[in-house]
Structure formats: structure tokens, C-alpha cells
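Below are the chains, spelled out letter by letter.
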Amino acid sequence: MTVSPALACARNVIVVGDLRQLPPVANDLTGVPPAPDPVFDYRRSILSSVIERYGDRLPRVMLREHYRCDPDIIEFCNRAFYDGLLVPYTRSTPGVAPMTVVRTAPGNHMRRTYGDDNPKSSGRSNQREIDVILHEVLPWISADISPDEVGITTPYRRQADKASDALIEAVESDTVHRFQGREKDAVVMTTVLDDTRSGQKALKFADDPQLINVAVSRAKRVFVLVTHPSELPASRYLRDLIG
């Protein structure tokens, strides 16, 4: 809806986007009239709508040059999501490991809370992963990177809020969806999930390829994945990332 006035006024339009990243998150659409055509559903990106409506009749070009992430970081995304077509124009930082996996101690540490009176207190969280970030990961990251250039990201709002409460104010914590379009020198992703039945049921959301692509590509110099020691064997993209 927000882009409609611009389209109505323009003689020529260039739409820039990435279908391999997350689509927009639709807020409450109660009372909003239906879209004039399903292809223009409000919960879709304008890029996907235009491509579906006009197809090959519109000229399309892929922006291949990449100027943000360490070559090793973007190479994962390049192989997993872009068919190797990206060309990185960045250099690695000497003496810095750009990608690291940190596994928690054995045990199933995910918790799911139900906040009937306060919806913000409901959701999935993993205090053990937050403790690992606080006491193990951040100390060695902070040796080279300032706290305001460190981001903690996770698929789950409850985990992001608990991490914010536990960390110093300068370290920003938010969901992967909210981090889209932004960047940090170092990004730490906490997967939250474990091998319980509840964790396996939630895996589809956390193992989404668009979500993983966004999470990894927010990091410019360092990406750290904090996860369950089993490495979530039922996952696909998380296992690829660990590999």
C-alpha cells in the first residue's frame, strides 16, 4: 500500500530488491480491504508482485557486486542461495576468524513460555545460549570490535528481548526480521532450538533459507553461530551453515 502512490505518479520505475531475503512482515490487516488482485497481496513485496504480474516482459538484472561482508562470510550465502553468482569486492581482516560455531553444553535448554496476560513474555528462549554469548563469545569479540558494532540476532522475539536484558546497552539484540537491511561488524546468531519435540516442531521457522541468508549477511567481519551441541540434525540450512 505504501508504494502505490509512487507507482501511480511515476513514468518509469526501477524496483530494487532480493527475493532470497525475507519478505515484508504484515501488521494487523483487520479492516483492510482485500487487494484488487491476489498477485498484489499486501503481505508480499512489490518486487515479487511485479515479477509475477509481468514476468519476462520486464527487463531484469542481478546486482552481483558485493561490498559488505568478509569474503568467507558472503561465500556461504553465495553458494547456498545465489548459485555462486556474487562477486565479493572485500578483503578478510588478518588474524580474525570470520565464521565460528560455538556449541552449548549438552542438554536441552530451550524453554517455551505462554504469556496470557502479557503476549511479549511468551515465546521461545534459551538462557544457556545467552549465557554462552555473554561469558564466552562477547569477551573475545570485544577485543577487536566495539560493543556498538556487535549485534545479537535470533529467529525469536522472546530470545531477542531476554538477550537485550542480559547484555550491555551498546550491544544491540533483535530478531533476524528486524535486522534486515542493516549491518554490524560482528553478528552473533542464537538458534534457541534443541532436540526436544517442541524444538523440532519449531525448526521449520528457524531453518528458513531466507532467514538464514539475512542473518549471515548482516555480519561485515565476524559471524558467530551459537547452537545446540547436536547441531540440529533435522535442519538443512543450519547444518549447511555449520558445515
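Structural data are supplied above this passage.
(A) Broad picture of the environment of Arg157. Examined against the element boundaries, Arg157 turns out to sit in helix H5 (residues 157-166). Placed 152 residues apart in sequence, Arg157 and Pro5 show a C-alpha to C-alpha distance of 32 Å. Residues contacting Arg157, with those up to four places away along its chain left out, are Asp174, Thr175 and Arg178. There is a polar contact of 2.5 Å between the side chain of Arg157 and the side chain of Asp174.

(B) Representation of the packing of helix H4 (residues 127-141) against H5 in the model. Viewed as axis vectors pointing N to C, H4 and H5 meet at an angle of 40 degrees, and their least axial separation amounts to 10 Å. When the axes of H4 and H5 are compared, the pair comes out oblique. Here H4 runs over H5; the crossing is right-handed. Each of Gln127, Glu129, Ile130 and Leu134 in H4 lies in contact with H5, whose residues at this interface are Gln159, Lys162, Ala163 and Ala166. Looking at the contact of H4 with H5 residue by residue, the classes come out as four nonpolar, two polar and two charged.

(C) Here's a closer look at the packing of helix H3 (residues 71-81) against helix H8 (residues 209-216). Running from amino to carboxyl end, H3 crosses H8 at an angle of 160 degrees, the nearest separation of the two axes being 9 Å. Considering their axes alone, H3 and H8 lie roughly antiparallel with respect to each other. Read as a crossing pair, H3 and H8 show a hand that is left-handed. Note on element contacts: H8 touches H3 through Pro209, Ile212, Asn213 and Val216, opposite Ile73, Phe76, Cys77 and Phe81. For the contact of H3 with H8, the per-class residue count stands at seven nonpolar, one polar and no charged.

(D) Here's a closer look at the sheet that holds strand E3 (residues 99-103). Spatially, E3-E9-E8-E6-E7 is the arrangement adopted by the five strands of the open sheet, whose pairing is parallel. Because the sheet does not close on itself, it has two edges, and the strands there are E3 and strand E7 (172-175). Each adjacent strand pair in this sheet contributes to an overall mean axis angle of 20 degrees, direction not counted. One ladder, built from four bridges, connects strand E6 (residues 150-154) with E7; its direction is parallel. Looking at the pairing, Gly151 lines up with Glu172 of E7. Relative to the sheet, H5 contacts E6, E7 and strand E8 (184-190), its axis offset from that of E7 by approximately 170 degrees.

Thresholds applied
Residues numbered from 1 in each chain as written. Predicted model: local features only at pLDDT ≥ 70, side-chain atom pairs only at ≥ 80, totals over all residues. Heavy atoms only, no water. Helix = DSSP H or I, 4+ residues; strand = E, 2+ residues; numbered from the N terminus. Contact = heavy atoms within 4.5 Å. Polar contact = N/O pair within 3.5 Å; in protein donor to acceptor, adjacent residues only side chain to side chain. Axes fitted to C-alpha atoms, helices over the stretch in contact; angles between N-to-C directions. Parallel < 35°, antiparallel > 145°, perpendicular 65-115°, else oblique. Left-handed = near helix turned anticlockwise from the far one by under 90°. Nonpolar A, V, L, I, M, F, W, Y, C, P; charged D, E, K, R; others polar. Pairing = 2+ DSSP bridges.

Function-wise, these values are silent; they only describe arrangement.
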